[in-house]
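Analysis of the macromolecular model
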Amino acid sequence: MAKKSSSYVCQSCGANFGKWSGQCADCGEWNSLVEAPDVAMPHHKAAKKTAATAKTANYAGATSGVMNLDEVGVTLETRMPTGIGEFDRVLGGGLVAGSVVLIGGDPGIGKSTILLQTATNMASSDSLAGSALYITGEESLSQVAMRAKRLGLPTDRLRVLAETNVDTICLALSTEQPAVVVIDSIQTLFTDMIQSAPGGVAQIRESAAILTRYAKQTGTALFLVGHVTKEGALAGPRVLEHMVDTVLYFEGESDSRFRMIRAVKNRFGAVNELGIFGMTDTGLKEVANPSAIFLSRYERPIAGSVVMVSREGTRPLLVEVQALVDDAHAQPRRMALGLDYQRLSMLLAVMHRHGGIYTSGQDVYVNVVGGVKVMETGSDLAVLLACASSLREKALPPRLAVFGEVGLSGEIRPVPNGQERLREAMKHGFTHAIIPKANAPKADSEQFSGIQVIAVDRLDDAISRAFDLV
């Protein structure tokens, strides 16, 4: 009989170790190693087992020899519409057959809701070749039916199953042969090949690998719901994110009307694409004009408020940046919501050195209205102008739009798609724009005649030109 041994697996990155330690040597996380018992086997048996499973070593299940890349046949990817325009945008234009999508978010933010809407829409579509199957491991079938009835969704063609055993699920998938499958959630599944509780690192990794292999071999589109930790990252090994094709995260607060889905990984579309939804009594509804919901309408200009033109994925987005600069009664504080805190500290130092505005004795609070997380550096100039406006207690013009990256030497650097951002500002009635000089349109360009473009290349020039408009 083979001797049983134990290995230890990191819950964060999935690395294996022969003995336990307090810190993972690969990713540096503390107290993340858990015991994963396995069965040791002689070397010659292990070699035979490796050779026997070599045919299915890849997820597609096909074997191939070494060849030139130009000899590989390429087929056009088939896109299936989900029935929700903003969700199609985040996915890259629709759901690709054979793709695996992992979606995570805080409890109660709408993961099950949007996937149930998607499953019912695709099951009711006459153009979809096949059915849709919704597999729940957390709720009973009656709970799923009650949610669908409350949302007013068509349920006559959606197939449902309550199961947590992966082997039983694969048997049902082979029988039903659906085109779209929703698994809610991956943390509840288990396989008999792993002797550990559901939700463990080994169970999550092996269950996801079995389902991913099935999706690749059969062309079934697969949605996996994932839990998140208190830090907001997907629970389980990080190898889970590398295994799937697309990783989506819900953003926004649970008590807010609006929900945002961001693609942090997508093999079939743009990364950082953002979909905007509104939570209603009948489920998540796409927002037709996302820029309008993030812009506040004041009766009079407010100091510390600047509208910036961000770019999320493939489209520009107008968002409002608010700053509050006040005298510090103790150690000065720096706080940023929706922006990088460390970048805020760096920008304040640049504004002191190259803009002549001193903030070392003040508390600085910066917030992006609406709960949007701005990931790009094109927000630098808007953040500094908002801070300067709050410190001087002078409101900037309400029809002023700003974008641009600020360098450490005080230069205003260009950002991608500058003219597209200008067109978005014009569409919403903005009459002035402070932008990097390298992004300025040509002087004879008539398409920007309705907006006064102020092109700057230094931070001090941008600050003085902005307050000249007051």
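Nothing here was measured: the structure is a model prediction, and the numbers come from that model.

Okay, empty space enclosed by the protein next. Counted by the stated rule, this structure contains one cavity of 30 Å³ or more. Volume-wise, the largest cavity comes out at about 30 Å³. Leu 91, Gly 94, Leu 95, Val 96, Ser 99, Val 101, Thr 246, Asn 266 and Phe 268 together form the lining of the largest cavity. Taken together, the residues of the lining of the largest cavity sort by class into five nonpolar, four polar and no charged.

Here nine strands make up an open sheet; going across it, the order is 8-7-9-10-6-11-12-13-14 and the pairing mixed. Only two strands of the sheet have a single partner each, and these edge strands are strand 8 (159–162) and strand 14 (283–286). On average, each strand axis in the sheet is inclined to that of its neighbour by 25°, with strand direction left out of account. Relative to strand 10 (residues 221–226), strand 9 (residues 180–184) is paired through four bridges, and the arrangement is parallel. The partner of Ile 183 across the bridge, within strand 10, is Leu 224. Helix 3 (residues 111–124) rests against strand 6 (100–104), strand 7 (132–136), strand 9, strand 10, strand 11 (246–251), strand 12 (258–266), strand 13 (274–280) and strand 14 of the sheet, and its axis sits at about 155° to strand 7. Helix-sheet contacts for helix 5 (residues 166–176) involve strand 7, strand 8 and strand 9, and the interaxial angle to strand 7 is about 165°.

On the secondary structure map, Thr 82 appears in the loop between strand 4 (79–80) and helix 2 (85–91). Using a relative accessible area of 1% as the deciding quantity, one classes Thr 82 as buried. The sequence separation of Thr 82 and Gly 93 amounts to 11 residues, and the corresponding C-alpha distance is 9.5 Å. Leaving out residues up to four positions away in the same chain, Thr 82 has contacts with Phe 87, Asp 88, Leu 91, Leu 95, Thr 118, Asn 121 and Met 122. Within the local environment of Thr 82, its side chain forms a polar contact with the backbone oxygen of Ile 84, the two atoms lying 3.3 Å apart. Side-chain polar atoms of Thr 82 contact the side chain of Asp 88, separated by 2.7 Å.

One finds Met 351, Val 366, Leu 381, Leu 385, Cys 387, Ile 434 and Leu 459 to be the most contacted residues of the largest nonpolar core, which totals 47 residues. Top contributing element to this core by residue count: helix 10 (residues 380–392), with eight residues. With near-sequence residues (within four places) excluded, Leu 385 lies in contact with Val 306, Leu 396, Val 402, Ile 434, Ala 462, Ile 463 and Ala 466.

When pLDDT is averaged across the chain, the result is 87; 92% of the residues are at 70 or more. Considering each helix and strand of the chain separately, the mean pLDDT is smallest for helix 1 (residues 43–52), with a value of 37, and largest for strand 20 (residues 405–406), with 97. For residues 39–56, every residue scores under 50 in pLDDT, and the model assigns this stretch 10 contacts once sequence neighbours within four places are set aside.

Another aspect to go through is the side chain of Asn 266. In this fold, Asn 266 is placed in strand 12. A distance of 3.3 Å separates a polar atom in the side chain of Asn 266 from the backbone oxygen of Val 90. Of the polar contacts made by the side chain of Asn 266, one reaches the backbone oxygen of Leu 91; its length is 3.2 Å. Once residues lying within four places of it in the same chain are set aside, the contact partners of Asn 266 are Val 90, Leu 91, Gly 92, Asp 245, Thr 246 and Val 271.

This paragraph deals with the pairing of strand 15 (residues 305–312). Two faces, one strand: in a regular strand the side chains alternate between the faces of the sheet. Of all the eight residues making up strand 15, eight are buried; the element is thus mostly covered by neighbouring parts of the structure. Bridging between strand 15 and strand 16 (residues 315–327) involves eight bridges; their strand directions are antiparallel. Among the inter-strand pairings, Val 309 is bridged to a residue of strand 16, identified as Leu 318. Here strand 15 folds back onto strand 16, and the loop between the two strands holds two residues, one of which, Gly 313, carries a positive phi near 75°. For strand 15 and strand 19 (residues 400–402), the ladder comprises two bridges, and the chain directions are parallel.

The final tally for this structure, using the stated rule, is one aromatic pair. Between Phe 87 and Phe 223, the aromatic rings sit 6.0 Å apart at their centres with planes inclined by 20°, giving stacked as the arrangement. Linking Phe 87 in helix 2 with Phe 223 in strand 10, this pair joins segments that are 136 residues apart in sequence. As far as burial versus exposure is concerned, Phe 87 and Phe 223 are alike and both buried. The aromatic ring of Phe 403 is capped on one face by Arg 421, whose charged end is 5.6 Å from the ring centroid.

Taken across its five residues, strand 22 (residues 432–436) has four buried, putting it largely inside the fold. Of the strand pairs in this sheet, strand 19 and strand 22 are connected by three bridges, and their pairing is parallel. Bridge pairing in strand 22 links Ala 401 to Ala 433. Note: strand 22 against strand 23 (residues 452–456), five bridges, orientation parallel. Residue pairing across strands places His 432 opposite Gln 452, the latter belonging to strand 23.

What follows is about the pattern of salt bridges. Per the stated rule, a full pass over the model turns up 16 salt bridges. Arg 267 is paired through a salt bridge with Asp 245; the nearest N and O atoms lie 2.8 Å apart. Placement of the pair is Arg 267 in the loop between strand 12 and strand 13 and Asp 245 in the loop between helix 7 (239–243) and strand 11, with a sequence separation of 22 residues. Judged by its relative accessible area of 48%, Arg 267 is partly exposed.

Attention now moves to the sheet that holds strand 15. Spatial strand order, 17-18-16-15-19-22-23: seven strands in an open sheet with mixed pairing. Two strands bound the open sheet, and with one partner strand each, they are strand 17 (334–337) and strand 23. Along the sheet, successive strands turn relative to each other by an average axial angle of 25°, direction set aside. The sheet contacts of helix 11 (residues 418–427) involve strand 15, strand 16, strand 19, strand 22 and strand 23, and relative to strand 16 the element is tilted by about 80°. Most of the contacts of helix 12 (residues 459–468) go to strand 23, to which it runs at about 150°, and overall it touches strand 22 and strand 23.

Basis of the calculations
Residues numbered from 1 in each chain as written. Predicted model: local features only at pLDDT ≥ 70, side-chain atom pairs only at ≥ 80, totals over all residues. Heavy atoms only, no water. 1 Å grid on protein atoms, 1.4 Å probe; cavity = no way out; pocket = protein on both sides within 12 Å on 5 of 7 lines; lining within 4 Å. Points joined across faces, edges and corners; volume = space filled by probe spheres on them. Nonpolar A, V, L, I, M, F, W, Y, C, P; charged D, E, K, R; others polar. Pairing = 2+ DSSP bridges. Helix = DSSP H or I, 4+ residues; strand = E, 2+ residues; numbered from the N terminus. Axes fitted to C-alpha atoms, helices over the stretch in contact; angles between N-to-C directions. Contact = heavy atoms within 4.5 Å. Buried < 20%, exposed > 50% of the residue type's maximum accessible area, 1.4 Å probe, protein only. Polar contact = N/O pair within 3.5 Å; in protein donor to acceptor, adjacent residues only side chain to side chain. Core = buried A, V, L, I, M, F, W, Y, C linked by side-chain atoms within 4.5 Å. pLDDT = per-residue confidence, 0-100. Phe/Tyr/Trp six-rings, centres within 6.5 Å; stacked < 30°, edge-to-face > 60°. Lys NZ or Arg CZ within 6 Å of the ring centre and 35° of its normal. Salt bridge = Lys/Arg side-chain N within 4 Å of Asp/Glu carboxyl O.

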